Amino acid sequence: TASYGPADGRRLLDGSIVDHSKPSDSYVPYTRDVLPFLNDEVGEDIGCEDGLCQGDIKYSYSLIEGRPMNVVFGDPCPGSTKVLSIKYVFQDYIRQKKENRCKGDSGYHIIPSRTFHSTFAEHEHILLRRQDPHPLPVDDESNNQMNPTTPQSTISLVDSTQSTLSALKSEITLPIIFPFLSVRQRAMCQLVCLHWREIVLSKGITAAIDVNDHVLFPLCQDTSSYRNTAIGSPLKPQSLSRSSYNDIIMSNTHTTSNHPHRELLRGLLKSSHSSLTSLVLNDFLHLDPPVDIHPTLPHLCKLKRLDISRIPLITDDTIHLISAHIGERLEVLYMKDCRGVSDDGIVQLVRSCNRLKVLDISHMHQLTDKSGVAIGQNLTELETFHGRDNYKVTNNSVDVIFQNCKKLVQATFWGFIKLTHVGPGTITAPTDLSPNNLVLLNLWGCIGLTDDCVERLSTLTNLRSLCVSECHKLTDKFVLDITQILPQLLHLQMRYLKRITDESLNAISVRLSELFSLDVSFCTKLTVVGLNELLMGCRSLSELRLYSCSQLNVEGGQVTDGGGNSRRTGGGRQLVQVLRHSSLAFLDLRRCQQHQPFSRDEQFLNTMKELGYNEAMAYL
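Thresholds applied
- Residues numbered from 1 in each chain as written.
- Predicted model: local features only at pLDDT ≥ 70, side-chain atom pairs only at ≥ 80, totals over all residues.
- Heavy atoms only, no water.
- Helix = DSSP H or I, 4+ residues; strand = E, 2+ residues; numbered from the N terminus.
- Contact = heavy atoms within 4.5 Å.
- Areas by Shrake-Rupley, 256 points an atom, 1.4 Å probe, with all protein chains shown as cover.
- Core = buried A, V, L, I, M, F, W, Y, C linked by side-chain atoms within 4.5 Å.
- Buried < 20%, exposed > 50% of the residue type's maximum accessible area, 1.4 Å probe, protein only.
- Axes fitted to C-alpha atoms, helices over the stretch in contact; angles between N-to-C directions.
- Parallel < 35°, antiparallel > 145°, perpendicular 65-115°, else oblique.
- Pairing = 2+ DSSP bridges.
- Phe/Tyr/Trp six-rings, centres within 6.5 Å; stacked < 30°, edge-to-face > 60°.
- Salt bridge = Lys/Arg side-chain N within 4 Å of Asp/Glu carboxyl O.
- Patch = residues over 30% accessible without salt bridge, like charges linked within 9 Å, V, L, I, M, F, W, Y side chains within 5 Å.
- Lys, Arg positive; Asp, Glu negative; His and termini not counted.
- pLDDT = per-residue confidence, 0-100.
- Polar contact = N/O pair within 3.5 Å; in protein donor to acceptor, adjacent residues only side chain to side chain.

### Structural notes on the overall build of the chain
Within the chain one finds 19 helices and 23 strands. Across the chain, every contact between residues at least 6 apart in sequence was considered, and the portion connecting residues at least 24 apart equals 76%. When the accessible surface of the chain is summed, it comes to about 29,300 Å², and 51% of that surface belongs to carbon and sulfur atoms.

Shown next, in the form of structure tokens:
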């Protein structure tokens, strides 16, 4: 199984916080089953008997070749940090002796491993590992002893004779046992002796530090925290108003208490100079950068991924240190809501971080075109750009980004209200335009876009995911044109486009033959007739989100005609007839009714259950 959705502790579009440990299913509509995509990526390579017959035993398997997950799977929950969760098994095909084979047997004895469960961050490389040694090949007639002629033996034979190593061989044994120890146990190894301390410091105790890891940073209650908030690792993400943001800065500036996680963080950083590649500090409201991270930055010789989102005391001073010491190695940088950073800080940062592949500057309202143009001019290796509510940025910046960032595959310009088009300022040589590589484009809330923007979008020949939610000026004309010039779309989000009608659904059903997911929530002019046409024509559709399309009235209500007879009105019973022949795996019909108070149509619900649709959110 494989699912891709918001990470634990992150906020959703409705403001609720995801908590997978609770029975609440508030995150269900934002999680996507991505097993079909992974099956397409894997093809016939994984589990191929021909390869294993030659003795090629795989202990790990790499997927999607390092591409961004949003590019491969689409973005099921825009604006939220996501994780990929996979459950998998390894199967070993062991050749059997001819005399042991049954008639019609393939000649292989299949030994499955236990089921493994792994999670991967949004920009992390997906590597499925065999997490324990798999079983030895067994021959039925040899009293469960290994067959020495079997070429598929999957582990090496080890002499059972006990042996001891001299203490002088610590530099050999310690690195061997390190992978089996927790981070805290590795740190404790420094206390054994000076020699062990030198080895630990030279190797480093961890490659990744994440303050959201509750094992490494246990939940605690801090009485000196801002407004006595119960904190975790270290605080739950929250959207702060300007007054709250200033209050936190003043609170942190004048407090003398030392947050318990700050000392732990400093110790981990000091012991990981030579090994640390990923540092995630998002939402650490009590972090004091000059004390906690500034002394360490010059020594992080391998750091490639950094997340300093929503840390109130991050200023240009921190950005200057990042630029001077780790800028030339940094590949991924998240700095959402760092309101203490100015245009000058961003300009210096992008000039030194010329290898940056992922950049997120969402909610940095203070930034202007000075930062945007600098990003486009300097980050020529950029593959993923996220911006949200940077409302001072105009087309001057976006045009430069599109022209110079030729490797860009994922771009988010959410809430860029001054945009009037997307693409270069002039279209003279379409074959030379960098947007040809773009796979995902998020234009949510770009209220300045009109139907005429389709002409510039026509250059995006590789686009697979498009979001134009809350672009209120778009009409049926836009949908008709976009489906004609971009028939390869797999994911289309059009929330709050209240001007579109069934004409748009008909165009989608006819022209987007490969569409996987469609979101038309809050589109109040769509009817059940248009919805039926969509489902009959678009056979590849797997996800359909119709949240708050109340005009569909799927469950309806009881009405009485002139003869005193009671009957049920609504479109649900019409809908289920079409669903019998569709391939939908997820259907969001919340608040798709007009009758108040809400009246449940048991016949409609029972028919949906017969079709395999489980009511995951019964009370919304």
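### So, the nonpolar core
Met335, Leu441 and Leu518 are the most contacted members of the largest nonpolar core, which has 116 residues in total. Ignoring sequence-local partners within four residues, the contact set of Met335 consists of Ile308, Ser309, Ile319, Val341, Ile346, Leu349, Leu359, Asp360, Ile361, Ser362 and Met364. Counting 21 residues, the second largest nonpolar core, distinct from the first, contains Phe37, Ile86, Tyr88 and Phe516.

### Structural notes on helix H17 (residues 528-537)
Note that an α-helix has 3.6 residues per turn; residues three or four places apart therefore point the same way. Buried within H17 we find Val528, Gly530, Leu531, Asn532, Leu534 and Leu535. Buried residues in H17 make contact with helix H16 (502-511), strand E19 (517-519), strand E20 (543-545) and helix H18 (572-579).

### Examining the packing of helix H12 (residues 369-378) against helix H13 (residues 395-404)
Where H12 contacts H13, the axes come no closer than 8 Å and their chain directions differ by 5°. In terms of orientation, H12 lies roughly parallel with respect to H13. On the side of H12, the interface is formed by Asp369, Gly372, Val373, Ile375, Gly376 and Gln377, while H13 contributes Asn396, Ser397, Val400, Ile401 and Asn404.

### A closer look at the sheet that holds strand E1 (residues 2-6)
What the 4 strands build is an open sheet, ordered E2-E1-E4-E7; its pairing is antiparallel. Both edges of this open sheet fall to strand E2 (32-33) and strand E7 (116-121), since each of them pairs with a single strand only. Where E1 meets E2, 2 bridges bridge the pair, whose relative direction is antiparallel. Bridged to Tyr4 within E2 is Arg32.

### Let's talk about H16
Regarding H16, the residues found buried are Asp502, Ser504, Leu505, Ala507, Ile508 and Ser509. Structurally, H16 contributes buried residues whose contacts are with helix H15 (476-485), strand E18 (491-493), E19 and H17.

### Digging into the pairing of strand E15 (residues 410-414)
Buried residues dominate E15, accounting for 5 of its 5 residues. In E15, alternate side chains face the same way, and those of Gln410, Thr412 and Trp414 on one face and Ala411 and Phe413 on the other are all buried. Of the pairings in the sheet, the one linking strand E14 (residues 384-388) to E15 comprises 5 bridges and is parallel in character. Each residue of the ladder has a partner; that of His386, found in E15, is Thr412. Bridge analysis of E15 against strand E16 (residues 440-442) gives 3 bridges, and the strand direction is parallel. Pairing of Thr412 across the sheet is with Asn442, part of E16.

### Some points on the packing of aromatic side chains
For the structure on display, the rule yields 12 aromatic pairs. Judged by centre distance (6.1 Å) and plane angle (70°), the ring pair of Tyr88 and Phe90 falls under edge-to-face. For the residue pair Tyr88 and Phe90, the accessibility class agrees, reading buried in each case. Here Phe385 and Phe413 contribute two aromatic rings whose centre-to-centre distance is 5.8 Å and whose plane-to-plane angle is 40°, an arrangement assigned as tilted. With Phe385 in strand E14 and Phe413 in strand E15, this residue pair connects regions lying 28 residues apart in the sequence. A relative accessible area of 0% means that Phe413 is categorised as buried. What links up through ring pairs into an aromatic cluster is the set Tyr4, Phe37, Phe73 and Phe516.

### A word on the packing of helix H10 (residues 316-325) against helix H11 (residues 343-352)
Contact geometry of H10 with H11 gives a least axis separation of 9 Å together with a crossing angle of 10°. Judged on the interaxial angle alone, H11 and H10 are roughly parallel. Between H10, through Asp316, Ile319, His320, Ile322 and Ser323, and H11, the contact on the second element is made entirely by Gly345, Gln348, Leu349 and Ser352.

### Notes on the pattern of salt bridges
Inspection of every chain in the model, using the stated rule, returns 14 salt bridges. Asp75 serves as the salt-bridge partner of Lys82, at 3.1 Å between the closest nitrogen and oxygen. Here the two residues Lys82 and Asp75 agree in accessibility, since each one is buried. Beyond isolated ion pairs, a larger network of salt bridges with shared partners links Arg32, Glu543 and Arg545.

### Looking at the environment of Arg129
Positionally, Arg129 belongs in strand E8 (residues 126-129). Overall, the relative accessible area of 48% leaves Arg129 in the partly exposed class. Note: C-alpha distance between Arg129 and Ser118 (11 residues apart in sequence) is 8.7 Å. Not counting residues within four places of it along the chain, the set of residues in contact with Arg129 comprises Tyr59, Ser60, Tyr88, Phe90 and Phe116.

### Some points on a nonpolar patch on the surface
Where nonpolar side chains cluster on the molecular surface, the patch consists of Ile172, Ile176 and Ile177 and spans about 270 Å² of accessible area. If you trace the backbone, Ile172 turns up in helix H4 (residues 170-177).

### Observations regarding the side chain of Asp343
Position of Asp343 relative to the elements: it lies in helix H11. In this structure Asp343 is buried but unpaired, with Lys370 as the nearest side chain of opposite charge at 6.2 Å. Leave out the neighbours within four places in its chain, and Asp343 touches Gln366, Leu367, Thr368, Lys370 and Ser371.

### Digging into the confidence of the model for the chain
With 74% of its residues at a pLDDT of 70 or more, the chain has an overall mean of 79. Scored below 50 in pLDDT, residues 44-55 shows 15 contacts in the model against residues more than four places distant or in partner chains. Predicted confidence for residues 425-434 stays below pLDDT 50, and this span has 17 contacts to residues more than four positions away or in other chains.

### Focus: unusual backbone geometry
In this model, Asp337 sits at a positive phi of 60°, which is unusual for a non-glycine residue. Examined against the element boundaries, Asp337 turns out to sit in the loop between strand E12 (332-334) and H11. For Asp337, a relative accessible area of 7% puts it in the buried group. Notably, Ser548 is not glycine yet its phi reads approximately 65°, a positive angle.

### Brief notes about the environment of His491
Secondary-structure assignment places His491 in strand E18. Looking at His491, the relative accessible area reads 4%, which means it is buried. A sequence separation of 415 residues divides His491 from Pro76, and the C-alpha atoms of the two residues are 9.2 Å apart. In this structure His491 touches Arg32, Phe37, Phe73, Gly74, Arg464, Ser465, Leu466, Leu515, Phe516 and Ser517, once residues within four positions along its chain are discounted. Within the structure, His491 has its side chain in polar contact with the backbone oxygen of Phe73 (distance 3.5 Å). At 2.7 Å, the side chain of His491 and the side chain of Ser517 are in polar contact.

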